Structures are given as C-alpha cells and as structure tokens.
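A closer look at the structure
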Amino acid sequence: MQNYLRAIGFSTIKSLHQLDRIHKDIQRNPDRRNLVSRSLQTSLVQLEKTYAPEGLGIMMIGESDAEGHFLFEYSFPYVLPGPYPYTDEIQIEKQNDRSGYYGLIDNINLSVIFTVQNLSHITGSIWRDSLPSMLSLQLSGLSLGANILLPLRKTEQDLQYEAEKRRENLSRIHLVRHGHPEILDQMMMSEMDTRDTIDHRIATEDVLSIVDSSMIPSGLQSDVYDILGTILQVQETKNSMTGEQICIMDVACLYYVIRIAVNRRDLVGEPVAGRRFRGITWLQGLISLDRYN
C-alpha cells in the first residue's frame, strides 16, 4: 500500500531509497512508540510519525528481541479517524503476509473489511487472550483520486425516512446474528424490491442521480472500496515535510462516517459539506478495547 503515501502528501516518493530516508527519520524521532509482547522472547514495535496536526502520518511496524534490537518489517500511511464511534461485533483476522490485522464487520449483505491501525493494542490483547467481541470502531481512509458530486434533492421527509430505514436495517442485522434467520428472508425481499426500483429508474436516469451512498469492493485488495457518500465536514491541511496540500473529509456512507484524506492534486471538484464524495478508498480503522455489555 506504499502508493497511498501520495494521499498524505508524499507524491514525490518513487523509490525505496527515498522511503528508507523517511524510515530512518521515524526510527530516530518517532512521535509515538508502542511496544507489546507477543512471545516470551520478542515484542512487536509500532512507531508513528505525524506530518499534519489533523492526524496524517506513517506507521512503522517491526520486532524487538530481548536485547532491544529493532528489525523493520513494513510501514503504511494513515489518517486518524474522526469522532464517530460505531459499536458492533468485530472479527479480527491476521494478515497472511505480515504482522498486521484486518477487522471485519459482517453486515449480512456487505462484509466491511479494514486495516487495523492500532496494531500493537490488538496484538497485546490477542496474546493475553483478552480481546472482547463487542468493540467500538472509528473508520478512516486514504484515496488516490476522488470526484466531488452535487447532492441529490431531498425533502426533510426523505431524510427522516432514510434514517428510519438505517435503524431498521441495523436492528434486523442484530436479530439475524442472534438466532432469527427468518429476518434474513425479509431483508432479502426488501433488497430485491430496492433493486427492482433502481432497475426501473436506471432506464431513464443516471445511477448517480438515484444512489447517494454505497460501498463496493474494488480491485484485488479486500480492504479497498469504491465509496460514495455525503460530505459532512471538510478540512484543508498540508504535509509538514513536503508542503503538499491535503483535503480531509468526513463522509457519511451507509451506517458509518469515514474520515478520508486525499491529495488536493487528485481531487476533482470543490469539496463542500452537503455535496457527495466518490473515490476508491483504502479503508482503515481504530479499535477501542473497552468492553461493552
């Protein structure tokens, strides 16, 4: 995911040699350092360096032995989520090729997968076998290119109806998970009705004039989505090292509010609250380990 460095203002990094200089600086001067045991002899090390006060940065992951020697494994760019917690049953799955973890929310008709940002905290909980199933989550994402679209015209009655439908769907998902499979049939019928309505309208209308919120898996990476949602808030910032301008948007999509960062050069249109965001986005998440009843 090193190509997503562009999203946080490192568009000029084209080689491992350039990236290595940044890695060395992070090792010497990290803003945060988390170390957690994952065996009797080794510890996972997570180093973080921020390049904007809004929470843009790079995380370095490695291993430390009993003598304190650090062995670098991988790094990834990130943007911290906004203050929009979402509580649910979240599955944690180990990534096959490295020490990272994926988080998974099973929403029946869509499984949302994201890269876990606070890797050290999750690793420690798994090693101690103390990871609760009910977790609080905040989502963020990095986009390499996005379009800003005009909003759909909606009445106050339309907005109230949509909010009620979201609450109803969340309640149905909860019931299906807890032993009520008959609710799944109702959800399937409701989804078929929605598809029939869209199929009928799409004959004479553009799909973006019908749909204002969607999350569609994109490409081979399981945590990358084509996201369409409504912009709630916009912040402009810049990378403190490169000076590149970054746009950070809080985007309401389905049941979530996702804080998304994109390089200003890769943004088509003027981001304004109320308009819509559409872009391919690498989804990340910050998980709270507080227990919920």
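Preceding this paragraph is the structure being described.
Here is a short report on the structure shown in this document. The structure displayed is predicted, hence computed values, not measured ones.

Now for the overall build of the chain. Within the chain, the regular secondary structure consists of 4 helices and 15 strands. Looking at the chain residue by residue over its 293 residues, the buried ones come to 44%. The long-range share in the chain, meaning contacts at least 24 apart out of those at least 6 apart in sequence, stands at 63%. As presented, the chain carries roughly 15,100 Å² of accessible surface, and 52% of it is formed by carbon and sulfur atoms.

What the 4 strands build is an open sheet, ordered β1-β2-β3-β4; its pairing is antiparallel. The strands lining the two open edges of the sheet, one partner per strand, are β1 (32-37) and β4 (70-79). Within the sheet, the average angular offset between the axes of one strand and its neighbour, ignoring direction, is 20°. The sheet contacts of helix α1 (residues 16-28) involve β2 (43-52), β3 (56-64) and β4, and relative to β2 the element is tilted by about 105°.

Moving on: the nonpolar core. Core analysis: the biggest nonpolar cluster contains 64 residues, and Phe 114, Met 215, Ile 227, Met 249, Ile 258, Leu 283 and Ile 287 have the highest contact counts within it. Other than its neighbours up to four places away in sequence, Met 215 contacts Leu 110, Val 112, Tyr 225, Asp 226, Ile 227, Cys 253, Leu 254, Tyr 256, Ile 258 and Leu 283.

Throughout the structure, instances matching the rule amount to 6 aromatic pairs. Ring centres of Phe 76 and Trp 282 lie 6.2 Å apart, and the angle between their planes is 70°; on these two criteria the pair is classed as edge-to-face. Placement of Phe 76 in strand β4 and of Trp 282 in strand β15 (residues 276-288) is noted, with a sequence separation of 206 residues between them. The class of Phe 76 is buried, set by a relative accessible area of 2%. The exposure class of Trp 282 is buried, given its relative accessible area of 0%. Residues Tyr 255 and Tyr 256 carry aromatic rings whose centres are separated by 6.1 Å and whose planes lie at 85° to one another, so their mutual orientation is edge-to-face.

Here we come to the pairing of strand β11 (residues 224-238). Pairing analysis gives 4 bridges linking strand β10 (residues 214-217) to β11, with the strands arranged antiparallel. Paired with Ser 214 across the two strands is Leu 228, which belongs to β11. Linking β10 to β11, which pair antiparallel, is a turn of 6 residues; within it Gly 219 sits at a positive phi near 75°. Strand direction decides the pairing type here: β11 and β15, joined by 7 bridges, are antiparallel. When the bridges of β15 are listed, Gly 229 appears paired with Phe 277.

Quick look at the environment of Pro 132 now. Examined against the element boundaries, Pro 132 turns out to sit in the loop between α2 (119-127) and β9 (134-149). The class of Pro 132 is buried, set by a relative accessible area of 11%. Note: C-alpha distance between Pro 132 and Glu 89 (43 residues apart in sequence) is 8.8 Å.

Here the focus is the environment of Leu 152. Its place among the elements puts Leu 152 in the loop between β9 and α3 (156-177). Given a relative accessible area of 22%, Leu 152 falls into the partly exposed group. Along the primary structure Leu 152 and Arg 275 are separated by 123 residues, whereas in three dimensions their C-alpha atoms are 8.4 Å apart. Ignoring sequence-local partners within four residues, the contact set of Leu 152 consists of Leu 208, Ser 209, Ile 210, Val 211, Asp 212 and Arg 276.

Once that is clear, we can look at the pairing of β1. Where β1 meets β2, 6 bridges bridge the pair, whose relative direction is antiparallel. By the bridge assignment, Leu 35 is partnered in β2 with Val 45. Hairpin connection between β1 and β2: a loop of 5 residues separates the two successive antiparallel strands.

Attention now goes to the side chain of Ser 140. Tracing the backbone through its elements, the reader meets Ser 140 in strand β9. Polar side-chain contacts of Ser 140 include one of 3.1 Å to the side chain of Gln 117. In contact with Ser 140, other than residues within four places in its own chain, are Val 79, Leu 80, Pro 81, Gln 117, Ile 258, Arg 259, Trp 282, Leu 283 and Gln 284.

Calculation criteria
- Residues numbered from 1 in each chain as written.
- Predicted model: local features only at pLDDT ≥ 70, side-chain atom pairs only at ≥ 80, totals over all residues.
- Heavy atoms only, no water.
- Helix = DSSP H or I, 4+ residues; strand = E, 2+ residues; numbered from the N terminus.
- Buried < 20%, exposed > 50% of the residue type's maximum accessible area, 1.4 Å probe, protein only.
- Contact = heavy atoms within 4.5 Å.
- Areas by Shrake-Rupley, 256 points an atom, 1.4 Å probe, with all protein chains shown as cover.
- Pairing = 2+ DSSP bridges.
- Axes fitted to C-alpha atoms, helices over the stretch in contact; angles between N-to-C directions.
- Core = buried A, V, L, I, M, F, W, Y, C linked by side-chain atoms within 4.5 Å.
- Phe/Tyr/Trp six-rings, centres within 6.5 Å; stacked < 30°, edge-to-face > 60°.
- Polar contact = N/O pair within 3.5 Å; in protein donor to acceptor, adjacent residues only side chain to side chain.

Fair warning: the whole summary comes from geometry, so function is off the table for now.
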